[in-house]
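What the coordinates show
Here are the chains, one letter per residue:
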Amino acid sequence: MSDNEVINMETDGKLQDETISNSACSIREKTDGYMKNTVREKDVWEGKPRRRDIRMIALDLDGTALNKEMKVTERTAEALEEAARRGIQVIIATGRTYHTLPEQLFEIDGLKYAVTSNGAVINELKTGKVIYRNCIPAAAVEQAAEILKGRFSCSDPAICSENGGCGEPAKAFSEISVEVFTEGNAYLEKAELDDIRKNGSSYRNALYVSTTRKPAEGILNFMLAHRDRIENICLNFPDVSLRPVWKQRLSVLPEVTLTTSLPYNLEIGGTTVSKAEALRFLMKETGIKPAQLMACGDSQNDAAMIRLAGLGIVMKNSSDEMKEIADYVTDSNETEGVTKAIENFIL
């Protein structure tokens, strides 16, 4: 399939016109194609449940549906299964690639689709079949490699030798770590991955990285070799003060989006890539309207879908900026905030 290619899937039929509950306490105004909140509840709700006409739930994983052990609790799994039994589409919407999804998700009944790589791909959850793909344009991948190669800490010998050396001291991967997402997998420079497996990491979850990343010899050359199938390029910074510097450097790239999901990373996606754009595709195919979408998230890469949703919910562990765009703030991912939101508005 070519970039931005979409594969038609069977739909469950069109839904009836939406009905919006009078209990919604958010006043909205139209801004740049999104519905922007002007009055919101800022705190975790208390008391009487507020039922809403929700037909789709979109869930971020890390920092949202998963706790710090990267697990879905039994109570949360039961809530998701009950929502699915009631005919609600429960969609995973994550920055992870398909093959780095937690195995536990495949055991939860009723989950059909996963929006992965920040919206670059939609997979059938059980089979992995790709029904939507929106990759970074090949030309932008080439330009990104050009920008990175001069400062990539000499961990790509092939590129350094081709260009007479990068002109900087050999700092291994101490300044910047580059990950490449393609074909549902996440790749990291082999030497760096070996180092993390042996010595751990000062700023990342070493166990998660060790078990979900695949090794690539010469990550930038690998990226160029797969330039027409790059879902996401993720840069990680041990020194977070470098992130705005690199964001500025990469802002010259055409036809890309820049976002983040963690305090120490910067993620490069395609021109129109977002979780919201992928969800629009699923809603169009299933006859669901934005007002019937509940989206739950915690980070900047969730912001577009929070704005899109008729009911945008962020976690208590989210930033103040994320809380400002939400309709409601639920409890943290450590105290089953997603479950409480589903029970409050749907079950």
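Described in the following lines is the structure provided in the data block.

Structural notes on the packing of aromatic side chains
Within the structure shown, the criterion is met by 5 aromatic pairs. When the centroid spacing of 5.9 Å and the interplanar angle of 90° are considered together, the rings of Y98 and F106 count as edge-to-face. Given the relative accessible area of 10%, Y98 is considered buried. With relative accessibility at 24%, the residue F106 sits in the partly exposed group.

Some points on empty space enclosed by the protein
Rolling a probe over the atoms, with the probe sized like a water molecule, indicates the empty space that remains. Across all of its chains, the model carries 2 cavities of 30 Å³ or more by this definition. What the largest cavity holds in volume is close to 50 Å³. As for the largest cavity, its lining consists of T64, A65, N67, T73, T76, N333, E336, G337 and V338. Here the residues of the lining of the largest cavity are counted per class, giving 2 nonpolar, 6 polar and 1 charged.

Structural notes on the nonpolar core
Residues I57, V90, L105, M294, I313, I342 and I346 are the most contacted members of the largest nonpolar core, which totals 34 residues. Among the secondary structure elements, those contributing two or more residues to this core are β3 (56-59), α1 (74-85), β4 (89-93), β14 (293-297), β15 (311-315) and α11 (337-345). Per-element accounting of this core gives the leading share, 5 residues, to α1. For I57, the contacting residues outside a window of four places in its chain are A83, I88, Q89, V90, I91, M294, I342 and I346.

Concerning the packing of α1 against α11
Two elements in contact, α1 and α11, have axes whose closest approach is 9 Å; the angle formed by their N-to-C orientations is 35°. Read as a crossing pair, α1 and α11 show a hand that is left-handed. Residues R75, T76, A79 and L80 of α1 form the contact with α11, whose participating residues are V338, T339, K340, I342 and E343. Among the residues making up the contact of α1 with α11, the classes are represented as 4 nonpolar, 2 polar and 3 charged.

Section: the sheet that holds strand β13 (residues 265-270)
Taken in spatial order, the 6 strands line up as β10-β9-β8-β11-β13-β12 in an open sheet, and their pairing is mixed. In this open sheet, the two edge strands, each paired with only one partner strand, are β10 (213-216) and β12 (256-259). With direction set aside, neighbouring strand axes in the sheet form an average angle of 25°. With 4 bridges connecting them, β12 and β13 associate as antiparallel partners.

Quick notes on the layout of surface pockets
Put simply, the largest pocket is a space of about 890 Å³. Lining the largest pocket we find 42 residues, and of these D62, S261, L262, D298 and S299 sit closest to its centre. Of all the secondary structure elements, the ones that give two or more residues to the lining of the largest pocket are β8 (177-182), α5 (206-212), β11 (230-236), β13, α9 (303-308) and α10 (320-325). For the lining of the largest pocket, the element with the highest residue contribution is α10, accounting for 3 residues. Partitioning the lining of the largest pocket into residue classes produces 13 nonpolar, 16 polar and 13 charged. Approximately 340 Å³ is the volume found for the second largest pocket.

Here's the deal with the environment of A77
Residue position: A77 is located in helix α1. Here A77 falls in the buried class, since its relative accessible area comes to 14%. For the pair formed by A77 and L105, sequence separation is 28 residues and the distance between their alpha carbons is 8.6 Å. Apart from the residues lying within four places of it in its own chain, the contact partners of A77 are V72 and I108.

Re the sheet that holds strand β7 (residues 130-133)
Strand order across the open sheet formed by 8 strands is β7-β6-β5-β4-β3-β14-β15-β16, with mixed pairing between neighbours. Pairing within the sheet leaves two strands with one partner each, and these edge strands are β7 and β16 (328-330). Here the strands of the sheet are splayed against their neighbours by 20° on average, with no regard to which way each runs.

A closer look at the pattern of salt bridges
Inspection of the entire model under this criterion finds 17 salt bridges. With its nearest N and O atoms 2.7 Å apart, the salt bridge here joins R96 to D62. Here R96 is found in the loop between β4 and β5 (113-116), whereas its partner D62 is found in the loop between β3 and α1, with 34 residues between them in sequence. According to the relative accessible area criterion, R96 is buried, its value standing at 6%. A salt bridge links E179 to R213; the shortest N-O distance between them is 2.8 Å. With E179 in strand β8 and R213 in strand β10, this pair connects stretches of sequence that are 34 residues apart. For the pair E179 and R213, one class covers both residues: buried.

What counts and what doesn't
- Residues numbered from 1 in each chain as written.
- Predicted model: local features only at pLDDT ≥ 70, side-chain atom pairs only at ≥ 80, totals over all residues.
- Heavy atoms only, no water.
- Phe/Tyr/Trp six-rings, centres within 6.5 Å; stacked < 30°, edge-to-face > 60°.
- Buried < 20%, exposed > 50% of the residue type's maximum accessible area, 1.4 Å probe, protein only.
- 1 Å grid on protein atoms, 1.4 Å probe; cavity = no way out; pocket = protein on both sides within 12 Å on 5 of 7 lines; lining within 4 Å.
- Points joined across faces, edges and corners; volume = space filled by probe spheres on them.
- Nonpolar A, V, L, I, M, F, W, Y, C, P; charged D, E, K, R; others polar.
- Core = buried A, V, L, I, M, F, W, Y, C linked by side-chain atoms within 4.5 Å.
- Helix = DSSP H or I, 4+ residues; strand = E, 2+ residues; numbered from the N terminus.
- Contact = heavy atoms within 4.5 Å.
- Axes fitted to C-alpha atoms, helices over the stretch in contact; angles between N-to-C directions.
- Left-handed = near helix turned anticlockwise from the far one by under 90°.
- Pairing = 2+ DSSP bridges.
- Salt bridge = Lys/Arg side-chain N within 4 Å of Asp/Glu carboxyl O.

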